[in-house]
Amino acid sequence: MKARVHVMLKNGVLDPQGEAVKHALGALGFGGVEGVRQGKVIELDLAEGTDEATVTQMCEKLLANTVIESYTIEMG
Amino acid sequence: MKAAVIVFPGSNCDRDLKVALERAGADVTMVWHKDTELPRGIDLVAVPGGFSFGDYLRCGAIAANSPICRSLVAHVERGGFALGICNGFQVLTETGLLPGALRRNENLKYICKPVGLRVEACETAYLAGYAAGQEITVPIAHHDGNYYVDDAKLAQLQGEGRIAFTYLDNPNGSVADIAGVVSRNRRVLGMMPHPERMAEPAHGGTDGKAMFDGLMSQMALA
């Protein structure tokens, strides 16, 4: 089974990379891009029966830094 | 004083830090990240700069979960001293021993240059060699030195006098110009600038040397 973890900077934490991407899109002529936030996706191959609570622990202990990042988990 | 310098794969300031500590009079042991125990009788654990584990996942995140860091946390919980410089600061925030986190520099650039710092009115052995308000020049060399704490934590750090160094001209976007902070018990210091790279005349200045000498003088009294 698989789990997919999305890690994003929390709202309110400046994302300089997202800002740079936004400016680059503007420079390419794409109008109307009002904001860009850049995060990461981590795919986990898990043994059958691994529960979401375990993945939550993985996020809390390692995959996200909850001082500045939030995460969401997609199971299956 | 007995000090241990932790070496991770990708550490690159470990030997400079060893030399700076030795010149201040410390007896220094290098400790590999896979070791599970610190040598006996260590007073100070120093976490050096570099790019531990290639900065994979987040700067300092993998290192903070290495076997030796469990010993580091136990050492600090026993009241031991710990110093994290640059990547070492990132590691100490990732272990939770220091508050906050280091984000990508605001201008997205790796910045390597001497910067002006103000020594803040912060009661800690690490600053014994400086006067509060003193301005010093120490190099920075980082891509992820943009210090973040939320407003509540910032107010707490300011209220408790736990900001050790601030930038005179903020190079990286750090909240409140913060370049270094100490733990609540004032025995853990994390800082992005490199005092070990400004520790002898050949480095172009000795403003960093006072930190090691000051710390050593305080430890000798203890």
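None of the values given here were measured: they were computed from a predicted structure.

The rules behind each value
- Residues numbered from 1 in each chain as written.
- Chains lettered and ligands numbered in written order.
- Predicted model: local features only at pLDDT ≥ 70, side-chain atom pairs only at ≥ 80, totals over all residues.
- Heavy atoms only, no water.
- Helix = DSSP H or I, 4+ residues; strand = E, 2+ residues; numbered from the N terminus.
- Rg over C-alpha atoms; globule rule 2.2 N^0.38 Å.
- Buried < 20%, exposed > 50% of the residue type's maximum accessible area, 1.4 Å probe, protein only.
- Lys, Arg positive; Asp, Glu negative; His and termini not counted.
- Charge placed at Lys NZ, Arg CZ, Asp CG, Glu CD.
- Salt bridge = Lys/Arg side-chain N within 4 Å of Asp/Glu carboxyl O.
- Contact = heavy atoms within 4.5 Å.
- Buried area = accessible area lost by both parts, 1.4 Å probe.
- Polar contact = N/O pair within 3.5 Å; in protein donor to acceptor, adjacent residues only side chain to side chain.
- Pairing = 2+ DSSP bridges.
- Axes fitted to C-alpha atoms, helices over the stretch in contact; angles between N-to-C directions.
- Expected span 1.5 Å × (residues − 1).

## Observations concerning the overall build of chain B
Stage number 1. Of regular secondary structure, chain B possesses six helices and 11 strands.
Stage number 2. Taking 222 residues into account, the globule formula puts the C-alpha radius of gyration at 17 Å, and chain B, at 16 Å, falls close to it.
Stage number 3. Taken over the C-alpha atoms alone, chain B extends approximately 40 × 40 × 35 Å along its principal axes.
Stage number 4. Out of the 222 residues belonging to chain B, those deemed buried represent 56%.
Stage number 5. Each charge sign in chain B was given a centre, from 21 positive and 24 negative side chains, and these centres are 4 Å apart.

## Topic: the pattern of salt bridges
Residues and elements named next belong to chain B.
Stage number 1. Tallying each qualifying case throughout the model produces 11 salt bridges over all chains.
Stage number 2. Note that Asp 144 is salt-bridged to Arg 104, the shortest N-O span being 3.0 Å. You can see Asp 144 sitting in the loop between strand E7 (135-142) and strand E8 (146-148) and its partner Arg 104 sitting in the loop between strand E5 (101-103) and strand E6 (111-119), a full 40 residues away along the chain.
Stage number 3. Look at Arg 104 and you get partly exposed, because its relative accessible area is 25%.
Stage number 4. Between Arg 184 and Glu 160 there is a salt bridge, with its nearest N and O atoms 3.3 Å apart. Within this pair, whereas Arg 184 is found in the loop between strand E10 (178-182) and strand E11 (188-191), its partner Glu 160 is found in the loop between helix H5 (151-159) and strand E9 (163-167), the two being separated by 24 residues in sequence.

## Section: the interface of chain A and chain B
Stage number 1. On the chain B side, the residues contacting the 15 residues of chain A number 13 residues.
Stage number 2. Buried area between chain A and chain B, both sides added, is near 1,200 Å², and the carbon and sulfur share of it is 64%.
Stage number 3. The interface formed by chain A and chain B includes one salt bridge.
Stage number 4. We note a salt bridge from Glu 69 of chain A to Arg 58 of chain B, for which the minimum N-O separation is 3.7 Å.
Stage number 5. Counting every contact that joins chain A to chain B gives four residue pairs in polar contact (both at pLDDT 80 or more).

## Some remarks on the sheet that holds strand E2 (residues 40-45) of chain A
Residues and elements named next belong to chain A.
Stage number 1. Spatially, the three strands line up as an open sheet ordered E2-E1-E3, and their pairing is antiparallel. Either end of the sheet is taken by a strand with one partner, and the two such strands are E2 and strand E3 (69-75). Strand-to-strand twist of the sheet, defined as the mean angle between neighbouring strand axes without regard to direction, takes the value 20 degrees.
Stage number 2. Taken together, the six bridges between strand E1 (residues 2-9) and E2 define a ladder with antiparallel strand orientation. Bridging from a neighbouring strand, Val 5 pairs with Ile 42 of E2.

## Focus: the sheet that holds E11 of chain B
Residue and element names in this part refer to chain B.
Stage number 1. Pairing is mixed across the open sheet formed by nine strands, whose spatial order is E2-E1-E3-E4-E11-E10-E9-E6-E7. Either end of the sheet is taken by a strand with one partner, and the two such strands are strand E2 (27-32) and E7. Between one strand and the next, the sheet's axes are offset by a mean angle of 20 degrees, whatever the strand orientation.
Stage number 2. Both strand E1 (residues 2-7) and E2 contribute to a ladder of six bridges, which runs parallel. Bridging across to E2, Ile 6 finds its partner in Val 31.
Stage number 3. Here helix H3 (residues 67-77) sits on the sheet and contacts E1, E2, strand E3 (44-47), strand E4 (81-85) and E11; the angle it forms with E3, its principal contact strand, is near 135 degrees.
Stage number 4. Across the face of the sheet, helix H6 (residues 209-221) comes into contact with E3, E4, E9 and E11 while running at roughly 175 degrees to E4.

## Focus on unusual backbone geometry
Residues and elements named next belong to chain B.
Stage number 1. The backbone phi angle of Asp 55 is positive, close to 60 degrees, even though this residue is not glycine.
Stage number 2. Inspection of the secondary structure puts Asp 55 in the loop between E3 and helix H2 (61-64).
Stage number 3. One non-glycine residue, Arg 186, lies in positive phi territory at about 70 degrees.
Stage number 4. Relative to the helices and strands, Arg 186 is located in the loop between E10 and E11.

## Some details on H6 of chain B
Stage number 1. Taking 1.5 Å per residue as the helical rise, H6 of chain B with its 13 residues ought to reach 18 Å, and the 19 Å between its terminal C-alpha atoms agrees with that figure.
Stage number 2. Against the buried residues of H6 of chain B lie helix H1 (14-23), E3, E4, E9 and E11 of chain B.

Function cannot be inferred from these measures alone, as they are strictly geometric.
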